[in-house]
Amino acid sequence: LGLVGAEMCIRDRPNPTHSDAMDLVFLMGYRFDAINHPLDRESDYAKYLKRLIALRKEIKSELYASSFRDMEGLSGLPSGVRARVFRGDDGRSATITLLDRRRERTGFSLRLDCEPWKIDRLRKANLYSLDSTVTALSVKEGRAGILELLVPPWKGFPAALVLRR
């Protein structure tokens, strides 16, 4: 996904950068291909890309063993926060990639309806952020298999939630 693709997909960014394009690659669960142009390893972009790739490595095994579900079953996202859901192929996990571009970064309550996927009893959740922080979150199960998580603000724009039994 290049800058042209980023411009088509990131409507809230008037002048998308390479970092914006890579954030979108992360959000969609794609693999990174950042070697199509010379990269100054000391540049801010190279340092950012290194942290973003490290974040993806943290959740890579979950993504590879899952199916993309777009936003199916997901609700409660504030304006300015984008998310995509991946259902674990074994039915024992879910991964949610997040991209928060809000000016005022606050926590929010995210809801995930697991009924369409035939997943239940996801009780553990970890939030992985760009600064290599992993934060355990509590999972509340509401009626009809809807899970609710209070997602705190995190450092950096992208992050990922991994839910497991």
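In what follows, the structure referred to is the one given above.
Quick look at the structure, then. These numbers were taken from a predicted model, which means no experiment stands behind them.

1. A few points about the overall build of the protein chain
- If you tally the helices and strands in the protein chain, you get 3 helices and 9 strands.
- Of the regular secondary structure in the protein chain, the N- to C-terminal order runs α-α-α-β-β-β-β-β-β-β-β-β.
- Relative to its 165 residues, the protein chain shows a buried fraction of 43%.
- Look at the contacts in the protein chain between residues 6 or more apart in sequence, and 61% of them connect residues 24 or more apart.
- Of the roughly 9,200 Å² of accessible surface on the protein chain, 50% is carried by carbon and sulfur atoms.

2. Regarding helix 3 (residues 44-64)
- A rise of 1.5 Å per residue sets the reference length of helix 3, with its 21 residues, at 30 Å; its end C-alpha atoms lie 29 Å apart and thus fit the reference within 8%.
- Along helix 3, the sharpest change in direction is near 50 degrees and occurs at Glu58.
- Taken together, the buried positions of helix 3 are occupied by Tyr45, Ala46, Tyr48, Leu49, Leu52, Leu55, Arg56, Ile59, Glu62 and Leu63.
- Summarising the contacts, the buried residues of helix 3 are in contact with helix 2 (18-28), strand 1 (66-68), strand 3 (81-88), strand 4 (93-100), strand 6 (124-129) and strand 9 (158-164).

3. A closer look at the packing of aromatic side chains
- Applying the stated criterion across every chain, the model contains 2 aromatic pairs.
- Positioned above the aromatic ring of Phe157, the side-chain terminus of Arg101 is 4.0 Å from the ring centre.

4. Thoughts on the sheet that holds strand 9
- With respect to topology, 9 strands assemble into an open sheet ordered 1-3-4-9-6-7-8-5-2, the strand pairing being antiparallel. Every interior strand has two partners, whereas the edge strands, strand 1 and strand 2 (74-75), have only one.
- Bridging between strand 6 and strand 7 (residues 134-141) involves 5 bridges; their strand directions are antiparallel. Each residue of the ladder has a partner; that of Ala125, found in strand 7, is Leu137.
- Across the sheet, helix 2 touches strand 1, strand 3, strand 4 and strand 9, and the angle it forms with strand 3 is around 35 degrees.
- Running at roughly 20 degrees to strand 9, helix 3 makes contact with strand 1, strand 3, strand 4, strand 6 and strand 9 of the sheet.

5. So, the nonpolar core
- Ranked by internal contacts, the top residues of the largest apolar core, which has 25 residues, are Ile96, Leu110 and Leu161.
- Counting only elements with at least two residues in this core, the list comes to strand 3, strand 4, strand 5 (108-113), strand 6, strand 7, strand 8 (146-151) and strand 9.
- Those residues within four positions of Leu110 in sequence are excluded, and the remaining contacts are Leu74, Ser75, Leu77, Ile96, Leu98, Leu147, Glu148, Leu149, Val151 and Leu161.
- By size, the runner-up hydrophobic cluster in this structure holds 15 residues, among which are Met22, Phe26, Leu63 and Leu130.

6. A closer look at the pattern of salt bridges
- For the structure on display, the rule yields 8 salt bridges.
- A salt bridge links Arg101 to Asp23, with the nearest nitrogen and oxygen atoms 2.4 Å apart. One end of the pair, Arg101, is in the loop between strand 4 and strand 5; the other, Asp23, is in helix 2, with 78 residues separating them in the sequence.
- Of the residues examined, Asp23 reaches a relative accessible area of 1% and is grouped as buried.
- Taking the shortest distance from any N to any O, the salt bridge between Arg164 and Glu62 comes out at 2.8 Å. Of this pair, Arg164 sits in strand 9 while Glu62 sits in helix 3, placing them 102 residues apart in sequence.
- Because the salt bridges share partners, they merge into one network encompassing Asp20, Asp23 and Arg101.

About the criteria used
Note that residues are indexed from 1 along each chain, following the sequence as it is written. Residue-level local features of this predicted model are given only where pLDDT is at least 70; pairs of side-chain atoms are given and counted only at 80 or more, and the full residue set underlies all totals for whole chains, interfaces and linings. Hydrogens are left out, water is left out, and the side-chain values use all remaining heavy atoms of the structure. Helix and strand definitions follow DSSP, with helices as H or I runs of at least four residues and strands as E runs of at least two, each counted in order from the N terminus. Burial classes: relative accessible area under 20% of the type maximum marks a residue as buried, over 50% as exposed, and values in between as partly exposed (1.4 Å probe, protein chains only). Throughout, a residue-residue contact means that at least one pair of heavy atoms, one from each residue, lies within 4.5 Å. Using a 1.4 Å probe, the Shrake-Rupley method yields the accessible areas, and only the shown protein chains count as cover for residues. Here the expected length of a helix is defined as 1.5 Å per residue gap, with one fewer gap than residues. Axes are fitted to the seven residues ending at a residue and to the seven starting at it; the angle between these axes is taken as the bend at that residue. For Phe, Tyr and Trp, rings pair up if their centres lie within 6.5 Å, where Trp contributes its six-membered ring, and each pair is then called stacked (planes under 30 degrees apart), edge-to-face (over 60) or tilted (otherwise). Whether a charge sits over a ring comes down to the Lys NZ or Arg CZ being within 6 Å of the ring centre and within 35 degrees of the ring normal. Strands were regarded as paired on the criterion that DSSP finds at least two bridges between them. Where helices are involved, their axes are fitted lines through C-alpha atoms of the stretch in contact, as for all axes, and angles between N-to-C directions lie from 0 to 180°. Within this scheme, the nonpolar core is defined by two criteria: the residues are buried Ala, Val, Leu, Ile, Met, Phe, Trp, Tyr or Cys, and they are joined through side-chain atoms within 4.5 Å. Whenever a carboxyl oxygen of Asp or Glu lies within 4 Å of a side-chain nitrogen of Lys or Arg, that contact is scored as a salt bridge.

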